[in-house]
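Letter by letter, the chains look like this.
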Amino acid sequence: MSEQGINRRQLLASAAAVGGLSLGLSLAPTAAHATSSAADRARRTGASWENLIEKSSFSSTAAFNQEWNHLYPWDGSADTHNGAARMHAGQVSLAQGVLTLTATRLAAPDGNSPHAPNAPLWYRSGAVHAKEQILVNDQFPEYDIEGEFRTQTGQGIWPAFWTTGTWPAWPPESDILEYVGNSTNLFNTWSKNASGEEVVEREPVSGHNPDAWHKYRVWMYKDGDDVMLDYYFDGVWRATHRGVGWAGVPQWLIINLQMGSWASGIEPGGPGWNEQPGPSGNTYFRARNVWVGRTRAW
């Protein structure tokens, strides 16, 4: 996500995970965009298919290096974002086809993040991003993005599997997996309306154990200048959102274990902000069988 969009994360902390508005953002209805996946697939049969990221990309260091980079994809301060963790390659490990990101509480903060809301960096953690960008357009009208994940959740824990527009374009953003200080996953789609205001469509998913393996998936497909997004949890369709004006905008795919900040449930500068409440030991976010494919029209 770009610096321009960082403050929108306050919505996640102030909206009790499932609704509510803040910062002048509007919550758009999801039901209005529900579509038939079967009909969509029939419409797409003329395009050829190609895999961009194979499920084996976490099977070895060599396979990882072919498909992924460490840290965040933006220029400048690529080891930090809008949370309380500084990312290090040493916090990322591979074993038996599983990628593990480990967040470790420090004895004292490692400075402050240069990204708003400039949280004290009480954690050392890990982030990776795919080398291949996502670009939904006439040539590549569909993308299928999925992975199996398990994560610890609770106060101060903020894992995510998400896409974001390349700088300076934000939105788009699609949160395929995002837990913000609790055990409710948020499928989020961020766009802007005709007035340039940020608009989010959100589908919360709860009632499961996030620290067991679950499959998270988004199917993106071009619809004029927009991109439609079908979200699935454990193979079950949960929502269809519309990414307004997304067509032709490149996006990064990111897996990160952020900590603190909005996930600590404390407003910036409020009581306890400097301490960034969260786990005192190690926190783990694991991924396997992450896969990205797309259709090619020519």
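Worth saying up front: this structure is predicted, and the values here are computed from it rather than measured.

Thresholds, definitions, all that
- Residues numbered from 1 in each chain as written.
- Predicted model: local features only at pLDDT ≥ 70, side-chain atom pairs only at ≥ 80, totals over all residues.
- Heavy atoms only, no water.
- Salt bridge = Lys/Arg side-chain N within 4 Å of Asp/Glu carboxyl O.
- Helix = DSSP H or I, 4+ residues; strand = E, 2+ residues; numbered from the N terminus.
- Buried < 20%, exposed > 50% of the residue type's maximum accessible area, 1.4 Å probe, protein only.
- Pairing = 2+ DSSP bridges.
- Phe/Tyr/Trp six-rings, centres within 6.5 Å; stacked < 30°, edge-to-face > 60°.
- Lys NZ or Arg CZ within 6 Å of the ring centre and 35° of its normal.
- Contact = heavy atoms within 4.5 Å.
- pLDDT = per-residue confidence, 0-100.

Enquirer: A description of the pattern of salt bridges should follow, citing residues and the corresponding values.
Expert: With the rule as written, the count across this model stands at 13 salt bridges. Of the charged contacts, one joins Glu50 and Arg296 as a salt bridge, the two residues approaching to 3.0 Å between their closest N and O atoms. Linking Glu50 in strand β2 (residues 48–53) with Arg296 in strand β18 (residues 282–296), this pair joins segments that are 246 residues apart in sequence. Of the residues examined, Arg296 reaches a relative accessible area of 26% and is grouped as partly exposed. Residue Arg242 pairs with Asp223 through a salt bridge whose shortest N-O separation is 3.1 Å. Taken together, the residues span a long stretch of sequence, with Arg242 in strand β16 (residues 236–243) and Asp223 in strand β14 (residues 214–223) at a distance of 19 residues. Residue Arg242 is classed as partly exposed on the basis of its relative accessible area of 22%. Shared partners join several salt bridges into a network, and the residues in it are Glu50, Glu132, Arg294 and Arg296.

Enquirer: Account for the pairing of β18, with residues named and values stated.
Expert: Taken together, the 5 bridges between β2 and β18 define a ladder with antiparallel strand orientation. Bridge pairing in β18 links Ile53 to Val292. Judged from the 7 bridges that link them, strand β6 (residues 98–105) and β18 form a sheet pairing that is antiparallel. For Thr104, the partnering residue across the bridge sits in β18 and is Asn282. Looking at chain direction, strand β9 (residues 142–151) and β18 are connected through 8 bridges and run antiparallel. Across the sheet, residue Phe149 finds its bridge partner in β18, namely Ala287.

Enquirer: Break down the packing of aromatic side chains for me, citing the residues and quoting the values.
Expert: Following the criterion strictly, the structure yields 11 aromatic pairs and no others. When the centroid spacing of 6.2 Å and the interplanar angle of 25° are considered together, the rings of Trp49 and Trp219 count as stacked. Linking Trp49 in strand β2 with Trp219 in strand β14, this pair joins segments that are 170 residues apart in sequence. For Trp219, a relative accessible area of 5% gives the class buried. Look at Trp49 and Trp291: their rings are 5.9 Å apart centre to centre, the planes differ by 25°, and that puts the pair in the stacked class. In this pair, Trp49 is assigned in strand β2 and Trp291 in strand β18, connecting sequence segments 242 residues apart. Three or more aromatic residues joined by ring pairs make a cluster, and in this case those are Phe149, Phe161, Tyr216, Phe233 and Phe285. Between the NZ or CZ atom of Arg217 and the centre of the ring of Tyr232, over which it lies, the distance is 4.5 Å. Sitting over the face of the ring of Trp213, Arg288 holds its NZ or CZ atom 4.0 Å from the ring centroid.

Enquirer: Could you give an account of the side chain of Thr100, naming the residues involved and the relevant values?
Expert: Following the sequence through the fold, Thr100 ends up in strand β6. When its relative accessible area of 11% is taken as the criterion, Thr100 is described as buried. Every residue in contact with Thr100, bar those within four places of it in the chain, is listed here: Gln91, Val92, Ser93, Tyr284, Phe285 and Arg286.

Enquirer: An account of the confidence of the model for the chain is requested, with residue identities and associated values reported.
Expert: Considering every residue of the chain, the mean pLDDT works out to 88; 85% of them sit at 70 or more. Least confident of the elements in the chain is strand β1 (residues 26–28), whose mean pLDDT is 42; most confident is β6, at 99. Note that pLDDT drops below 50 for residues 1–36; the model gives that stretch 100 contacts with residues more than four away or on any other chain. Segment residues 38–43: pLDDT under 50, and 6 contacts once partners within four positions in sequence are set aside and those in other chains are kept.

Enquirer: Describe the pairing of strand β11 (residues 173–178), naming the residues involved and giving the relevant values.
Expert: Every other side chain in a regular strand lies on the same face of the sheet, so the side chains alternate between the two faces. Taken across its 6 residues, β11 has 6 buried, putting it largely inside the fold. Here strand β10 (residues 157–165) runs beside β11; their pairing, made up of 5 bridges, is antiparallel. Looking at β11, one finds that Ala160 is bridged to Glu178. Looking at chain direction, β11 and strand β12 (residues 185–192) are connected through 3 bridges and run antiparallel. Residue pairing in the sheet places Asp175 in a bridge with Asn188 of β12. Hairpin connection of β11 to β12: 6 residues between the antiparallel strands, including Gly181 at a positive phi of 80°.

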